[in-house]
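What the coordinates show
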Amino acid sequence: MKFPSVKATSLTNKSYTVPRDLEGEYNVVITAFKQWQQDWVDTWIPSLQGLAYQHPQVRVYEMPTMSRFNGIYRFMIDNGMRAGIPDKAVRAATLCAYIDIPPFAQALELPTSDTIYLFLLDRSGEILWRGQGRFDAPQLADLAAVLDRVTVSA
C-alpha cells in the first residue's frame, strides 16, 4: 500500500508534496488529527530520533493533519504551533497538511481519527510498517526490526 500524495507546508514555510519530497531514504511520518494528540506524538519522538540516529538514512516527520480552513485560520494555527516549537529542526520536520480528511483516511484504511498513526515509508511512498497510538515498546521493536532489515539491504 502506498501513502497518498498530500500537499503540506513545514513550520519553516517550505512546501512539500508528501511522500515525494520527504528527504530520507526511509521516512517515519506521524499523523495526528487533533491538538490533544500532540502529547501522544511526543511519547514517540525520543525513541524515533534514536532510531534515526542509528539509521542515518531515516528521517522523522510530524504531520498534523487538519481539515481545510481559510487562510486566516491556517495562519493562526500555524503561528500557534510555531510559537510552541522553539527548535528550528523540529519546525522544519513538522509538516502541516490542510486536506479533505475522509479520502485521506480511507486511502490509508484508518478506522478513526481518535488516535495517531505512524508510517515507515520508502522513497516511493510504499508503506513498510505502520503503528498507532501512544508509544509502546513492542511497536518500537517491530519498527526497529523493519529498519534493521531494510537499511542493511539499502
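About the thresholds
Residues numbered from 1 in each chain as written. Predicted model: local features only at pLDDT ≥ 70, side-chain atom pairs only at ≥ 80, totals over all residues. Heavy atoms only, no water. Helix = DSSP H or I, 4+ residues; strand = E, 2+ residues; numbered from the N terminus. Buried < 20%, exposed > 50% of the residue type's maximum accessible area, 1.4 Å probe, protein only. Contact = heavy atoms within 4.5 Å. Areas by Shrake-Rupley, 256 points an atom, 1.4 Å probe, with all protein chains shown as cover. Expected span 1.5 Å × (residues − 1). Bend = angle between axes of the 7 residues up to and from the residue. Phe/Tyr/Trp six-rings, centres within 6.5 Å; stacked < 30°, edge-to-face > 60°. Pairing = 2+ DSSP bridges.

This paragraph deals with the overall build of the protein. Scanning the protein from N- to C-terminus turns up five helices and seven strands. Ordered by position from the N terminus, the helices and strands of the protein form the series β-β-β-α-β-α-α-β-α-β-β-α. Burial status across the protein gives 47% buried among its 154 residues. Partitioning the intrachain contacts of the protein with sequence separation of at least 6 by distance along the chain shows that 70% fall at a separation of at least 24. In the form shown here, the protein has an accessible surface area of approximately 8,000 Å², with 55% of it arising from carbon and sulfur atoms.

With that settled, consider helix α1 (residues 38–54). Taking 1.5 Å of rise per residue, the 17 residues of α1 would be expected to cover 24 Å, and the 24 Å separating its terminal C-alpha atoms lies within 8% of that figure. At Ile 45, α1 shows its largest bend, some 35°, and a proline, Pro 46, comes one to four positions later. All buried positions along α1 are accounted for by Trp 40, Val 41, Trp 44, Ile 45, Leu 48, Leu 51 and Ala 52.

Moving on, we come to the packing of aromatic side chains. Overall, the coordinates contain seven aromatic pairs when judged by the stated rule. Aromatic side chains Phe 3 and Phe 104 sit 5.8 Å apart centroid to centroid with 75° between the ring planes, which places their arrangement in the edge-to-face category. Within this pair, whereas Phe 3 is found in the segment before β1 (6–10), its partner Phe 104 is found in helix α4 (residues 101–107), the two being separated by 101 residues in sequence. A relative accessible area of 5% means that Phe 3 is categorised as buried. By relative accessible area, Phe 104 is classed as buried at 4%. Centre to centre, the rings of Phe 33 and Tyr 117 are 6.4 Å apart; their planes meet at 75°, and the pair counts as edge-to-face. In this pair, Phe 33 is assigned in the loop between β3 (26–32) and α1 and Tyr 117 in strand β6 (residues 117–122), connecting sequence segments 84 residues apart. No difference in accessibility class separates Phe 33 from Tyr 117, as the two residues are buried. Following the ring pairs from residue to residue traces out a cluster consisting of Phe 3, Phe 33, Phe 104, Tyr 117 and Phe 119.

Time to look at the pairing of strand β7 (residues 127–132). In terms of strand pairing, β6 meets β7 through five bridges, oriented antiparallel. Following the sheet pairing, Leu 121 is matched in β7 by Ile 127. Between β6 and β7, which pair antiparallel and follow one another directly, the connecting turn spans four residues, one of which, Gly 125, has a positive phi of 90°.

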